[in-house]
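Here is what each chain is made of, one letter per residue.
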Amino acid sequence: MERLAIDAEFITLGQALKMTDTISSGGMAKWFLSEHAVYVNGEPENRRGRKLRDGDILNIPGTGRFRVSGPAPGDN
């Protein structure tokens, strides 16, 4: 499982797809999610605006599994 480091409280699923090089632009997120299965914490997810937070597990079949890793407490 790979680490997906974020520097904010959360990122959206669409942002995560771009960060993992699953899609090349944010505009492709809606299309990708309508055509491919993506799982957040083991549950199917198709909302590009779904917020991913520290500790969430993102599974993109064909791309990989990622654990979202947020900033340490107190980091601003």
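The structure reproduced in this document is the subject of the present report. (Residues numbered from 1 in each chain as written. Predicted model: local features only at pLDDT ≥ 70, side-chain atom pairs only at ≥ 80, totals over all residues. Heavy atoms only, no water.)

Remarks on the pattern of salt bridges
- One pass over the full model with this rule turns up three salt bridges.
- Here Arg53 makes a salt bridge to Glu9, at a shortest N to O gap of 2.9 Å. A residue pair is termed long-range when its members are at least 10 positions apart, and Arg53 in strand S5 (residues 51–53) and Glu9 in the loop between strand S1 (2–5) and strand S2 (10–12) qualify at 44 residues.
- By relative accessible area, Glu9 is classed as exposed at 58%.
- The shortest N-O distance in the salt bridge between Glu45 and Arg47 comes to 2.7 Å.
- On the basis of relative accessibility, which here comes to 48%, the residue Arg47 falls in the partly exposed class.
- The network of salt bridges with common partners includes Glu45, Arg47 and Arg50. (Salt bridge = Lys/Arg side-chain N within 4 Å of Asp/Glu carboxyl O. Helix = DSSP H or I, 4+ residues; strand = E, 2+ residues; numbered from the N terminus. Buried < 20%, exposed > 50% of the residue type's maximum accessible area, 1.4 Å probe, protein only.)

Looking at the sheet that holds strand S6 (residues 57–60)
- Taken in spatial order, the five strands of this open sheet run S1-S7-S6-S3-S4, and their pairing is mixed. The two strands at the open ends of the sheet, each matched to only one other strand, are S1 and strand S4 (43–44).
- With two bridges connecting them, strand S3 (residues 39–40) and S6 associate as antiparallel partners. Counted as the bridge partner of Val40 is Leu58 from S6. (Pairing = 2+ DSSP bridges.)

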